[in-house]
Amino acid sequence: MADKNEVLRLLELAHQARRDLCKLCGMYSGNIHMGGDMSMIDVLTCLFHRTMQVGPDLVQVPERDRFILSKGHGAACMYIIMAQKGFFDYQEICDTYGNVGSKFGQHPCKTRLPMLDVSTGSLGHGLPLSVGMAASSRQKGRRNRVFCMMGDGETCEGSVWEAAMSGHALKLGNLVAIVDRNKQLMTSFSEDSIRMEPYADKWRAFGWNVIEIEDGNNMAQIVEAFDRLPGSNTEIPTVVIANTVKGKNVSFMEQQIKWHAGSLNEADLATALKDIDEAFEKQKEGL
Ligand SMILES: Cc1ncc(C[n+]2csc(CCOP(=O)(O)OP(=O)(O)O)c2C)c(N)n1
């Protein structure tokens, strides 16, 4: 069982990140990918604040873990969680997000933000890059892990499965793929269009160790799943499939196709913040 105080600490961070993300969305004139941000925000919180060995003081340390946000459209969510960790200033994100010349583009850019491992946005490239990075770490005798966060829709890309085959063939136990299985794509529900189930079996067939999180927005379950990762010196790559809800904790966003991306007016922002606060109270009661 995950320690209750630790789960509470992470819940508070995820709650703050949700609030900060909604406030950013209220300030920005364009669209932010709120649906997929809100589905993965709990997993990203656990990764950055507990599981991964990363931090602003570790950027130059070769043994640190690597993180690739392969679903690069989720950049805003990652910036905010990295700001909590001390990488960035939240106010600077708010002041400049999405502007021409900003460090904080709608997709992560390594040229502008050298502490990132990879620039992403074109789906399907993160896992192939992660395989290369994990193989390189192995070759150099390092003990770190490479984490790659993908959307489930993204895994329709053939390059993901070529990489899955390579990760297995190269015996990369230091490679961890995470799928944000919110069962929604950009304009449809996944099972209505591409029919991904039986999803976990597909990864098993490619030789991967599968950890499924029944509720990928439940912090206790998330912590337990990531605490079960095999050692980085093992030989089988792991995929963590997090069953999540797109738009999680905001009533008018949850499982709404139109909330793949959007912006918030003043009234909607107020409702979103109220929803988020109420959900947080319920989560605390459930601990
Ligand atoms: C190669 C490529 N094709 C299309 C897009 C446009 N696009 C951005 S997000 C998205 C939907 C992705 O769905 P999913 O991976 O499930 O992300 P989530 O639902 O978690 O946001 C698409 C098609 C892209 N960024 N890259």
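Relevant structure appears above.
Residues numbered from 1 in each chain as written. Predicted model: local features only at pLDDT ≥ 70, side-chain atom pairs only at ≥ 80, totals over all residues. Heavy atoms only, no water.

Looking at the packing of aromatic side chains
Here's step 1: Enumeration over the complete set of coordinates arrives at eleven aromatic pairs.
Here's step 2: Both rings, one in tyrosine 28 and one in tyrosine 97, keep their centres 4.9 Å apart while their planes meet at 85 degrees; by these two values the pair is edge-to-face. Of the two residues, tyrosine 28 sits in the loop between α1 (4-27) and α2 (34-51) while tyrosine 97 sits in the loop between α4 (90-96) and α5 (126-139), which places them 69 residues apart along the sequence.
Here's step 3: Judged by centre distance (6.2 Å) and plane angle (50 degrees), the ring pair of phenylalanine 87 and phenylalanine 88 falls under tilted. Here phenylalanine 87 matches phenylalanine 88 in class, with each residue buried.
Here's step 4: Taken together, Tyr28, Tyr79, Phe87, Phe88, Tyr97 and Phe104 form an aromatic cluster joined through their ring pairs. (Phe/Tyr/Trp six-rings, centres within 6.5 Å; stacked < 30°, edge-to-face > 60°. Helix = DSSP H or I, 4+ residues; strand = E, 2+ residues; numbered from the N terminus. Buried < 20%, exposed > 50% of the residue type's maximum accessible area, 1.4 Å probe, protein only.)

Topic: the packing of α1 against α2
Here's step 1: Running from amino to carboxyl end, α1 crosses α2 at an angle of 140 degrees, the nearest separation of the two axes being 9 Å. When the axis of α1 is compared with that of α2, the two are oblique. Between α1 and α2 lies a crossing of right-handed hand. Along its contact with α1, which presents Glu6, Arg9, Leu10, Leu13, Ala14, Ala17, Arg18, Leu21, Cys22 and Cys25, the element α2 presents Met34, Asp37, Met38, Ile41, Asp42, Thr45, Cys46, His49 and Arg50.
Here's step 2: The residue makeup of the contact of α1 with α2, split by class, is eleven nonpolar, two polar and six charged. (Axes fitted to C-alpha atoms, helices over the stretch in contact; angles between N-to-C directions. Parallel < 35°, antiparallel > 145°, perpendicular 65-115°, else oblique. Left-handed = near helix turned anticlockwise from the far one by under 90°. Contact = heavy atoms within 4.5 Å. Nonpolar A, V, L, I, M, F, W, Y, C, P; charged D, E, K, R; others polar.)

Remarks on the site of the ligand
Here's step 1: Close to the ligand lie 17 residues, the nearest being Lys71, His73, Gly153, Glu154 and Lys246.
Here's step 2: The separation between an oxygen atom of the ligand and a polar main-chain atom of glycine 153 is 2.8 Å.
Here's step 3: One of the side-chain nitrogen or oxygen atoms of asparagine 182 is found 3.1 Å away from an oxygen atom of the ligand.
Here's step 4: Taken by itself the ligand offers 590 Å² of open surface, and the protein chains cover 76% of this.
Here's step 5: Of the residues contributing to the shell around the ligand, the split by class is two nonpolar, nine polar and six charged. (Near = heavy atom within 4 Å. Polar contact = N/O pair within 3.5 Å; in protein donor to acceptor, adjacent residues only side chain to side chain. Areas by Shrake-Rupley, 256 points an atom, 1.4 Å probe, with all protein chains shown as cover.)

Considering unusual backbone geometry
It is generally the case that most residues other than glycine have a negative phi and that most peptide bonds are trans.
Here's step 1: For the bond from glutamate 197 to proline 198, the omega torsion is 0 degrees, close enough to zero to count as cis.
Here's step 2: The residue proline 198 is located in the loop between α7 (190-193) and α8 (199-205) in this model.
Here's step 3: A positive phi angle, near 60 degrees, is found at lysine 183, a position not held by glycine.
Here's step 4: Among the structural elements, lysine 183 can be located in the loop between β3 (175-181) and α7.
Here's step 5: You can call lysine 183 partly exposed: its relative accessible area is 32%.

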